[in-house]
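# Overview (structure and organization)
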Amino acid sequence: MERWMDTTHTFHLLVGELTVTPLDFSLITGISFGGASVPFDGGLGFYPQRDAYIFEMLGFIPEMKGLSIRHPELYDRYKESFPLTSDEVDLIARSFICYLLGSTLFCSSGATLPLCVLPALEDLDVVSSYDWGSSVLAYLYTSMDRVVRGGSCLSGIWPAVHMGLLIGFGVFPRLGYPMLRFWDFSRTLTQNQGAECRGWLNELAWTDVDASWNTPPGVRLSRWVQGAVARSGMCYMMHGPSCRSWFLGERVLHWWGGPRVRMVPVGPPSSMLRGRDVVSPALGLDLRGYPATDLISVPQLSYLDDFARHRLLKRLPLDGVPVI
């Protein structure tokens, strides 16, 4: 995380910028991109009829924690239930989806799910048509931003980040640290291992990186991946639960299938650090996105000599590595 930049949503390496793109994320998790934005409602927790609405959606009122519900109660409530009517089927289905979202896609250390997700589950027939990929990736990016600003732990599907790095680097040192082998209780990262990992990143060269998802000739991508391909070639704002987060495709376009010539991207959007404050009409344009190819190739700078060497994070010292 020490190389994650909350002003670009990329990892700054000596070889350039690298991130988990929508295509990476979709291929790793199976979650598709594209469709209408998920209709989150950030004001739901303040509605006078909030409790009545929760009861109507879930069939009971679970324990609350701030503006979130504790999702383990949803599982405990219905794990042995057998629905007799269509209304009961909907209640159990919503509760299960909430439990699934809270324990995987929007997971947090507090075992909670933001209330703002409930309106997206009102009509179960259209739930699958929403752009869940962008919402989940926005949640992950926002969590990573909080960590580099002093937060204590990651939320969301953070293993996808490490899988993305494994794919990008071919073989990450020791295939495990810092966090991929989460099932191994002896996984503690010692200071020596941290220094080794940091030193390896310090010496990373262009030839060590292969983050290309280029499709072989004649191979047709599955339908569920095509939306992620389109989104990876854009600069757009992703709408998540109680958060909005930018994906800047122009900064990593050359890795996965755009122009192979590395070109300098334009500066990040001025709203990068205040995404939740962006209002219409700019918000509508930002959510639709802009072609990444329109936001690259600053002519007065060369990528290697000027941009990569002077604008990105440099080598980090091998002493003082924290133990996690």
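See the structure above.
Quick notes on the rules
- Residues numbered from 1 in each chain as written.
- Predicted model: local features only at pLDDT ≥ 70, side-chain atom pairs only at ≥ 80, totals over all residues.
- Heavy atoms only, no water.
- Helix = DSSP H or I, 4+ residues; strand = E, 2+ residues; numbered from the N terminus.
- Contact = heavy atoms within 4.5 Å.
- Areas by Shrake-Rupley, 256 points an atom, 1.4 Å probe, with all protein chains shown as cover.
- Pairing = 2+ DSSP bridges.
- Axes fitted to C-alpha atoms, helices over the stretch in contact; angles between N-to-C directions.
- Core = buried A, V, L, I, M, F, W, Y, C linked by side-chain atoms within 4.5 Å.
- Buried < 20%, exposed > 50% of the residue type's maximum accessible area, 1.4 Å probe, protein only.
- Arc of directions from axis to C-beta.
- Patch = residues over 30% accessible without salt bridge, like charges linked within 9 Å, V, L, I, M, F, W, Y side chains within 5 Å.
- Salt bridge = Lys/Arg side-chain N within 4 Å of Asp/Glu carboxyl O.
- Lys, Arg positive; Asp, Glu negative; His and termini not counted.
- Charge placed at Lys NZ, Arg CZ, Asp CG, Glu CD.
- Phe/Tyr/Trp six-rings, centres within 6.5 Å; stacked < 30°, edge-to-face > 60°.
- Lys NZ or Arg CZ within 6 Å of the ring centre and 35° of its normal.
- Disulfide = S-S within 2.5 Å.
- Polar contact = N/O pair within 3.5 Å; in protein donor to acceptor, adjacent residues only side chain to side chain.

## Considering the overall build of the chain
What the chain contains, in helices and strands, is 11 helices and 9 strands. Long-range contacts, defined here as pairs at least 24 residues apart, represent 72% of the contacts in the chain between residues at least 6 apart. Only carbon and sulfur atoms are counted for the fraction: they give 56% of the accessible area of the chain, which is about 16200 Å².

## Looking at the sheet that holds strand β8 (residues 243-248)
Strands pair in a sheet through their backbones, by hydrogen bonds, and they do so in one of two ways: parallel or antiparallel. Read from one edge of the open sheet, 3 strands run β8-β7-β9, paired in antiparallel fashion. With partners counted over all chains shown, the strands left at the sheet margins are β8 and β9 (290-291), one partner each. Relative to β8, strand β7 (residues 234-240) runs antiparallel, the two being bridged by 6 bridges. Looking at the pairing, H239 lines up with R244 of β8. Sheet contacts for helix α8 (residues 223-232): β7 and β8; angle to β7, the most-contacted strand, approximately 120°.

## Section: the sheet that holds strand β5 (residues 68-70)
Spatial ordering of the open sheet is given by β4-β5-β6, a layout of 3 strands whose pairing is antiparallel. Looking along the sheet, the strands with just one partner apiece sit at the ends: β4 (64-65) and β6 (112-114). Relative to β6, β5 is paired through 3 bridges, and the arrangement is antiparallel. The residue bridging S68 from the neighbouring strand is P114, located in β6.

## Here we look at the nonpolar core
Ranked by internal contacts, the top residues of the largest apolar core, which has 56 residues, are F25, L58, F106, L118 and W132. The element that contributes the greatest number of residues to this core is helix α5 (residues 132-148), accounting for 9 residues. Of all hydrophobic cores here, the second largest spans 7 residues; its members include C235, W246, L248 and M272.

## As for α8
When α8 is considered as a whole, its buried residues turn out to be V225, G227, A228, R231 and S232. For α8, the angular spread of buried residues about the axis comes to 150°, placing them on one side.

## Things to note about a negative patch on the surface
A cluster of like negative charges, contributed by E56, E122, D123 and D125, occupies part of the molecular surface. E122 sits in the partly exposed class, given a relative accessible area of 43%.

## Comments concerning the pairing of β7
Counting buried positions over the 7 residues of β7 gives 7, a clear majority of the element. The alternating pattern of β7 places M234, Y236, M238 and G240 and C235, M237 and H239 on opposite faces, both of which are buried. Here β7 runs beside β9; their pairing, made up of 2 bridges, is antiparallel. Considered in β9, the bridge of C235 is made with Y290.

## Regarding the packing of aromatic side chains
Inspection of the entire model under this criterion finds 10 aromatic pairs. With a centroid separation of 5.0 Å and an interplanar angle of 65°, the aromatic rings of W4 and F11 are classed as edge-to-face. For the pair W4 and F11, a shared accessibility class is recorded, and that class is buried. The interplanar angle of 85° and the centroid separation of 6.4 Å between the aromatic rings of F25 and F33 together place this pair among those described as edge-to-face. Neither residue differs from the other here; F25 and F33 are each classed as buried. Positioned over the ring face of Y236 is R231, at 4.0 Å from the centre of the ring.

## Here we look at the state of the cysteines
Counting across every chain of the model gives 0 disulfides. There is no disulfide at C116, and the cysteine sulfur nearest it, in C243, is 8.2 Å away. The buried category is assigned to C116, whose relative accessible area is 4%.

## Considerations on the environment of E73
In this fold, E73 is placed in helix α3 (residues 72-78). Relative accessible area serves as the criterion here: at 27%, E73 is assigned to the partly exposed category. It is 8.6 Å that separates the C-alpha atoms of E73 and Y99, two residues lying 26 residues apart in sequence. In this structure E73 touches F60, P62 and E63, once residues within four positions along its chain are discounted. At 3.2 Å, the side chain of E73 and the backbone nitrogen of E63 are in polar contact.

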